[in-house]
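Take a look at the letters that make up each chain.
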Amino acid sequence: MIDFRSDTVTQPCDAMRQTMNNAPLGDDVYGDDPSVNALEKYAAQKHGFASALFCSSGTQANLLALMAHCERGDEYICGQRAHNYKFEGGGAAVLGSIQPQPIENEADGSLCLDKVKAAIKADDFHFAKTKLVSLENTIGGQVLSLEYLSKAREFVDAHKLALHLDGARVYNAAAKLGVDITRITGHFDSVSVCLSKGLGAPVGSVLLGSEALVAKARRWRKVLGGGMRQAGMLAAAGQYALEHNTKRLSDDHDNALYLAMQLNTLSGFNVELNSVETNIVYVNVDANIDLAVMCQRLATQNILFSPGTPLRLVTHLGITKESVNTFIQALAAEI
Ligand SMILES: *Cc1c(COP(=O)(O)O)cnc(C)c1O
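Cut-offs and rules
- Residues numbered from 1 in each chain as written.
- Predicted model: local features only at pLDDT ≥ 70, side-chain atom pairs only at ≥ 80, totals over all residues.
- Heavy atoms only, no water.
- Pairing = 2+ DSSP bridges.
- Helix = DSSP H or I, 4+ residues; strand = E, 2+ residues; numbered from the N terminus.
- Axes fitted to C-alpha atoms, helices over the stretch in contact; angles between N-to-C directions.
- Contact = heavy atoms within 4.5 Å.
- Near = heavy atom within 4 Å.
- Polar contact = N/O pair within 3.5 Å; in protein donor to acceptor, adjacent residues only side chain to side chain.
- Areas by Shrake-Rupley, 256 points an atom, 1.4 Å probe, with all protein chains shown as cover.
- Nonpolar A, V, L, I, M, F, W, Y, C, P; charged D, E, K, R; others polar.

Enquirer: Can you lay out the sheet that holds strand 3 (residues 74-79) for me, pointing to particular residues and giving the numbers?
Expert: Within a sheet, neighbouring strands are paired by backbone hydrogen bonds and run either parallel or antiparallel to one another. In space, the 7 strands of this open sheet follow the order 2-8-7-6-5-3-4, with mixed pairing throughout. This sheet does not close on itself; its edge strands, each paired only once, are strand 2 (51-55) and strand 4 (99-103). Between one strand axis and the next, the sheet turns by 20 degrees as a mean value, whatever way the strands run. Both strand 2 and strand 8 (residues 205-209) contribute to a ladder of 5 bridges, which runs antiparallel. Bridge pairing in strand 8 places Ser51 opposite Gly209. Each of strand 2, strand 7 (190-194) and strand 8 is contacted by helix 10 (residues 211-223), which is oriented at about 20 degrees to strand 2, the strand it contacts most.

This is the structure:
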């Protein structure tokens, strides 16, 4: 199967499965699972935080962060395009009684700090209390610059706000910038990292933060039904992912660029090469090409993508240069 729908479709490799099989287990709700404890300790240290929490998903990790930073009637400022605003079912509002204050993302995915400043509410009982700014990196495959992150940190310090990062794909950002992950995570009060996307674990995310923040998040995780028992098999996969699969992400970025260049050789397909920063490729497709039909026909050849405008294709550890060539040949035969 050649699957461009998302980097969430990755399958655990044999070595990861072995690690899962051999993981020592206990009841994590009692704090007894050695593999979960090991992952949480390892993840905290690796990202420069005091504490970490193993979560069932990125959505859960973000929600727990928002609920740990904010109380009922508080507000977080985020981008209109933010996953934790647009694609998580409104969880912060639904379950946390936290008001989102979205502002338009800039073209590079950042939030203009002057616009954020204008959205901060005065201390007045007419308003929700602004507590937190939430950024996303990468966002739609785009990388926020280290200079921007420094400015955002100065900004929240000046305004006494906390700063959260939805870092579902933060390792793609680190690989692109060629820096240690702490150069990015060090600017934030909390970070969520997906283990189940490009890093190739089957399940899970980690939430990183201070001891107090993670203790609060741990409480909410239980309330939300996220207290798992012998979760060490999953945690061991997550630790394997962090230890072995971060460096290879640049292969995915190379394959994404190769994919974009090959698509540009087909009539009716056009990719702005500068827009391909990491592992996500957005393709403009001529209106006279019926993508839905093409999608169905390629599926019969075990090639999967989601039709859309623009067409979004994602590379990951299940996609090689040969997969790209096979895909391009199959597309060319359909045009
Ligand atoms: C995928 C994703 C999430 C959510 O992760 P799930 O594990 O699918 O819940 C959060 N933020 C971003 C930016 C993502 O891409």
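Enquirer: Before we move on, could you go through the site of the ligand and cite the residues and values that matter?
Expert: Near the ligand, the surroundings consist of Ser57, Gly58, Thr59, Asn62, His83, Glu88, Glu136, Asp166, Ala168, Arg169, Cys194 and Lys197. Within the side chain of Arg169, one N or O atom sits 3.1 Å away from an oxygen atom of the ligand. Lys197 is positioned with one of its side-chain polar atoms (N or O) 2.5 Å from an oxygen atom of the ligand. In isolation the ligand offers 380 Å² of accessible surface; the protein chains occlude 83% of this area. Looking at the shell around the ligand, the element that brings in the most residues is helix 3 (residues 58-69), giving 3 residues. Classifying every residue of the shell around the ligand gives 2 nonpolar, 5 polar and 5 charged.

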